[in-house]
Amino acid sequence: MAEENKDQKTEAATAKRITDTEEKGNFAHSKEVSSSFVLLSALLGFLIVGEKGTQGMMRAWHNILGNAQAVTLDIDGIYRVFLSIAESTFFILAPFFFIVMVGGVAANLVQTRGFRFSLHPLKPRFDKLDPLKGFGRIFSKTAQAELIKSLFKVSIVAFIAFQTIRGRWHEIPPLMDFGVGQIFGFMGDVALDITLKVLLVMVFLALIDYAFQRYTYLENIRMTKQEVKEERKETEGHPEVKQRIRQMQVEMTRRRMMAAVPEADVVVTNPTKIAVAIRYDRDKAQAPVVVAKGAGHIAGKIREIAAESGVPVLENKPLARVLFKTVEIGQVIPESLYKAVAEILAYVYRLKGKTMA
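Description of the structure in this document.

What counts and what doesn't
- Residues numbered from 1 in each chain as written.
- Predicted model: local features only at pLDDT ≥ 70, side-chain atom pairs only at ≥ 80, totals over all residues.
- Heavy atoms only, no water.
- Helix = DSSP H or I, 4+ residues; strand = E, 2+ residues; numbered from the N terminus.
- Buried < 20%, exposed > 50% of the residue type's maximum accessible area, 1.4 Å probe, protein only.
- Areas by Shrake-Rupley, 256 points an atom, 1.4 Å probe, with all protein chains shown as cover.
- Pairing = 2+ DSSP bridges.
- Axes fitted to C-alpha atoms, helices over the stretch in contact; angles between N-to-C directions.
- Contact = heavy atoms within 4.5 Å.
- Core = buried A, V, L, I, M, F, W, Y, C linked by side-chain atoms within 4.5 Å.

## Considerations on the overall build of the protein
When helices and strands are tallied, the protein shows 12 helices and 4 strands. Buried positions account for 27% of the 357 residues belonging to the protein. Here the protein displays about 24,600 Å² of accessible surface, and carbon together with sulfur accounts for 64% of that area.

Structure representation (structure tokens):
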């Protein structure tokens, strides 16, 4: 039972897991959001360039049909006609399709919260070539859910279209007396009405579907307790590595400290357990500075280096204890200890034939 619980993904995905997953190109993505953006863009495109586009298309066909008698029915003549039609159609429809393309790109940018680029989805996955797995994906729960959603959307669109046309059914018989332009205008008006209603429904469905996709996405990347622990170790560092780094830092500090002992003016001891090395450089500090200190083995090492370097070692138990407890390496001594330290330095300078001032 313990092993079973250990492998269960009971923990919510961490920020790092979500970031790593998104860097591989996996996001909470809803097709309904993309469809809504594309439909909205198509509607805006139709409102912006629809009238001019329709007029341009009618003028193009009018010119083509009006000049039909001048067209020679050979390969070159037919080619020029098709080229003219394609060119006119391109310049008329290009703005519309550009707006739709912008809408599709915007849908993805909104769902991915900005531009994200990843080559991971392009990596070949040979497991997808397995026909059995492919057959299983076709009849999977996800595929069935998508099929149900598609049928539901088609039903919604069909119902909205039926209700809209039914509500304007009385306007259709009089169209028999109208011209082609008026008929097309009526059809465009009905299509616009249907599109607006479908868009409202699609936006509502998109919000629900995105919330569901986001929930499913977070559920699929949940983590086990062991995965959370391993990630925390990777983020904060393994305890063994952190301990080793601390040891190296302590060792480097100790070496720098020992290197400063030969430059000290005096080493104060208590006499065997504690050793504090003091240096007074008038050009760098207004008061003496503790350049090294230690207890036990470190104290013995300081005394040993001081003896080898000719640095005086003096015993003063109270001063050594106070300096060891209150002054860190590299700090100047406090004013309360000026007198005691000055007396020791004066004694050392007298031995060396120096003066403090």
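## Topic: the pairing of strand β3 (residues 289-295)
For β3, the buried fraction is high: 6 of the 7 residues fall into the buried class. With 6 bridges connecting them, strand β2 (residues 274-279) and β3 associate as antiparallel partners. By the bridge assignment, Val 276 is partnered in β3 with Lys 293.

## Let's talk about the sheet that holds β2
Pairing is mixed across the open sheet formed by 4 strands, whose spatial order is β3-β2-β1-β4. Since the sheet does not close on itself, it has two edges, and those belong to β3 and β4 (313-315), each with one partner. Direction aside, the axes of adjacent strands within the sheet are offset by 25° on average. Its contacts with the sheet place helix α12 (residues 338-352) against β1 (266-269), β2 and β4, and it is angled at close to 130° to β1.

## Notes on the nonpolar core
Ranked by size, the top nonpolar core spans 19 residues in total, and within it Val 266, Ile 278, Leu 319, Leu 323, Val 341 and Ile 344 carry the most contacts. For this core, the element with the highest residue contribution is α12, accounting for 5 residues. Excluding anything up to four places from it in sequence, Val 266 contacts Val 276, Ala 277, Ile 278, Val 311, Pro 312, Leu 314, Ile 344, Leu 345 and Val 348. Ranked by size, the runner-up nonpolar core spans 15 residues in total, among them Met 257, Ala 292, Ile 302 and Ile 305.

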